[in-house]
Amino acid sequence: MAGLGVNIDHVATIREARKTVEPDPVWAAVEAELGGADCITFHLRKDRRHINDRDARMLRQTVRGKLNMELSLDQEIVDVAVALCPHQATLVPENRQEVTTEGGLDCIAHGERLAEVTRQLLDCGIVVSAFIDPEPDQVAAASEAGCNAIEIHTGAYANACTPPDGSLPHPRDIDDALQAIVTGLEAGLDADLVVHGGHGLTYHNIAPVAAMEGFCEFNIGHCIISRAVFVGLREAVAEMKDLVAYPGEV
Ligand code: PXP
């Protein structure tokens, strides 16, 4: 049964829209845990556009379950992770112009730097995951760099389900994207990596992915925080937790 990681960056994004102190992503983490989240995920970006250093420190002190920090390969942020010592670090690409994380980390192009950062994090006892596109070559490069885990980028599947241009979804595109996820998942399991998934997953598209055997955890943010506006965060997390844990049964 896969677990649920709740990405709380989106709460900090709302706070930063007014440059004030609320809503507090640390409160959100508590509510998410009360709703059944197995993991709290946050991304400390170099530009600190949502989560800031105070949030990161307080999350480390407050979260009772697993804490997963997303970070780029930038040494300034790696140093923060080393000092903070979250349970898991997920290495992601970062680019200033993007609205959210776009493609997966290119573990082939950045293999040497990835191995160096992975070593620094592993030395602190942090579990290291790489956020990658579901391609066997990327899985192999993450494994070669010493990562313990991968997070498969499910964004292409999400876009196939809800095309960003507003067109109707095509069943063949959805099947192809699901098959790509299966290929990445199997490559990860064959390489003895722990396999997570995330990006763009929603209450409406999670079922076929959650039904795949072998995923350890799904990291989900935007749709949970969106639903929380209407039903409250604890309830929104509990609903997603059921969909992740019992796909097809709820
Ligand atoms: N996993 C990673 C690595 C991410 O960067 C994000 C987006 O912050 C997510 C999961 C969650 O994606 P979403 O907000 O679309 O659910």
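Up top you'll find the structure we're talking about.
Let us look at the structure shown here. Only a predicted model underlies this, so the values are computations on that prediction, with no experimental measurement involved.

## As for the side chain of Asn-219
- Along the polypeptide, Asn-219 turns up in strand β8 (residues 217-220).
- Separated by 2.8 Å, the side chains of Asn-219 and Thr-41 make a polar contact.
- Setting aside anything within four residues of it in sequence, one finds Asn-219 in contact with Gly-5, Cys-39, Thr-41, Asn-68, Glu-151, Gly-197, Gly-198 and His-199.

## Quick look at the packing of helix α2 (residues 25-34) against helix α11 (residues 233-245)
- Taken N-terminus to C-terminus, the directions of α2 and α11 make an angle of 45°; their axes are 7 Å apart at the nearest point. On the basis of their axis angle, the class for α2 and α11 is oblique. Relative to α11, the crossing made by α2 is right-handed. Judged by residue contacts, Ala-28, Glu-31, Ala-32 and Leu-34 of α2 engage Leu-233, Arg-234 and Val-237 from α11.
- Split by residue class, the contact of α2 with α11 holds five nonpolar, no polar and two charged.

## Some points on the pairing of strand β5 (residues 127-132)
- Summarising burial for β5: five of the six residues are buried, a large majority.
- As paired strands, strand β4 (residues 88-91) and β5 are joined by four bridges and run parallel to one another. Considered in β5, the bridge of Leu-91 is made with Ala-130.
- Here four bridges tie β5 to strand β6 (residues 149-153), and the two strands are oriented parallel to one another. Following the sheet pairing, Ile-132 is matched in β6 by Ile-152.
- In the classification by handedness, the crossover that spans β5, the intervening helix α6 (residues 136-144) and the parallel β6 is right-handed.

## Remarks on the sheet that holds β4
- If you trace the eight strands once around the closed barrel, you get β1-β2-β3-β4-β5-β6-β7-β8, paired in parallel fashion. Taking each pair of neighbouring strands and ignoring which way they run, the sheet shows an average axis angle of 25°.
- Sheet strands touched by helix α8 (residues 171-190): β6 and β7 (194-198). Its angle to β6, the strand with the most contacts, is close to 175°.

What counts as what
- Residues numbered from 1 in each chain as written.
- Predicted model: local features only at pLDDT ≥ 70, side-chain atom pairs only at ≥ 80, totals over all residues.
- Heavy atoms only, no water.
- Helix = DSSP H or I, 4+ residues; strand = E, 2+ residues; numbered from the N terminus.
- Polar contact = N/O pair within 3.5 Å; in protein donor to acceptor, adjacent residues only side chain to side chain.
- Contact = heavy atoms within 4.5 Å.
- Axes fitted to C-alpha atoms, helices over the stretch in contact; angles between N-to-C directions.
- Parallel < 35°, antiparallel > 145°, perpendicular 65-115°, else oblique.
- Left-handed = near helix turned anticlockwise from the far one by under 90°.
- Nonpolar A, V, L, I, M, F, W, Y, C, P; charged D, E, K, R; others polar.
- Buried < 20%, exposed > 50% of the residue type's maximum accessible area, 1.4 Å probe, protein only.
- Pairing = 2+ DSSP bridges.
- Right-handed = clockwise from strand over helix to strand, strands pointing away.

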